Amino acid sequence: RFIYVAGSTHAPDVDLLEGKFKRLGGDPFIKIKAEFILAGYEKSETMRYHSRADMEKMNGNYTMKQVYGPWDRMKYVFSHTNAYKIFPSTNLDEYINFYDQADVALVPLCKNDWNSYKSELKIVEAGCKQIPVICSNVEPYSLLKGRPGIMWVDTTDDWVKHIRYCIKNPEFVKDQGAALAEWVKENYDLLKWNKLRKQVLKSLVK
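Attention here is on the structure that accompanies the text. Note on numbering: residues in each chain are counted from 1, in written sequence order. Totals for whole chains, interfaces and linings use every residue, but because this is a predicted model, local features are given only for residues with pLDDT of at least 70 and side-chain atom pairs only at 80 or more, for both listing and counting. Working from all heavy atoms in the structure, the side-chain values ignore hydrogens and water.

## What to know about the pattern of salt bridges
Within this document, salt bridges are pairs made up of a side-chain nitrogen of Lys or Arg and a carboxyl oxygen of Asp or Glu, the two lying within 4 Å of each other. Applying the stated criterion across every chain yields a total of 12 salt bridges. Residues Arg73 and Glu18 are paired through a salt bridge, measuring 2.6 Å at the closest nitrogen-oxygen approach. Note that Arg73 is positioned in helix 5 (residues 70-79) and Glu18 in helix 2 (residues 18-25), a separation of 55 residues in sequence. For each residue, the accessible area found with a 1.4 Å probe, counting protein chains only, is set against the maximum for its type, and the residue is called buried under 20%, exposed over 50%, and partly exposed in between. Arg73 sits in the partly exposed class, given a relative accessible area of 24%. Accessibility expressed as a relative area gives 15% for Glu18, which makes it buried. Several salt bridges converge on common partners, so that one network encompasses Asp15, Glu18, Lys22 and Arg73. Each helix is a run of H or I in the DSSP string that is no shorter than four residues. Each strand is a run of E no shorter than two, and both are numbered from the N terminus.

Following this line, the structure appears as structure tokens:
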């Protein structure tokens, strides 16, 4: 089970998977052996005012109409696998539990300046749930090169290669997930870092 958990702003990143999902969707083996999960889906709506005058006055005389949005685009990409499942959005305290439904996390990311300043959150989330990741080899994730439990995507064919390998080697998936979990626990322990933050703050106050 391969999962992608994100918000609607990641539609361009999901587009990176479209051609690969089309290839996978044409393989009967994939349909039987795999499931691709898109988590966080939300309907897109827009305000439709009853008249032009209402719109100009912004008087609240409108109804909400469902429209095709970024999540629908992402859902469409996942549909190419012919073996997909959609989970609706949930609150910030609960969304991490989406990963309990999967064995591998997908982390596609477009290469650009804006993305390079993001955090390695998706890898940390997957590590917390003891599952490995298949990840675009771009910053900020590429800064973790050499860490366990991360399968890097350098070429367009690597998505398909890693997905197939994980399906055929479930023990490898478990071992890599455990290794990533151990590394995340060691390096992203909130209690440990909060002790350091406390020391820094105390030194500044003094």
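## Some remarks on the pairing of strand 1 (residues 2-5)
Successive side chains on a regular strand alternate, one facing one side of the sheet and the next facing the other. Of the two faces of strand 1, the one lined by Phe2 and Tyr4 and the one lined by Ile3 and Val5 are each fully buried. Examined bridge by bridge, strand 1 and strand 2 (residues 36-41) share four bridges and lie parallel to one another. Note that in strand 2 the partner of Val5 across the bridge is Ala39. Of the pairings in the sheet, the one linking strand 1 to strand 6 (residues 104-107) comprises two bridges and is parallel in character. Looking at strand 6, one finds that Ile3 is bridged to Ala105. Paired strands, in this sense, are two strands between which DSSP finds at least two bridges.

Honestly, it's all geometry; don't read function into it.
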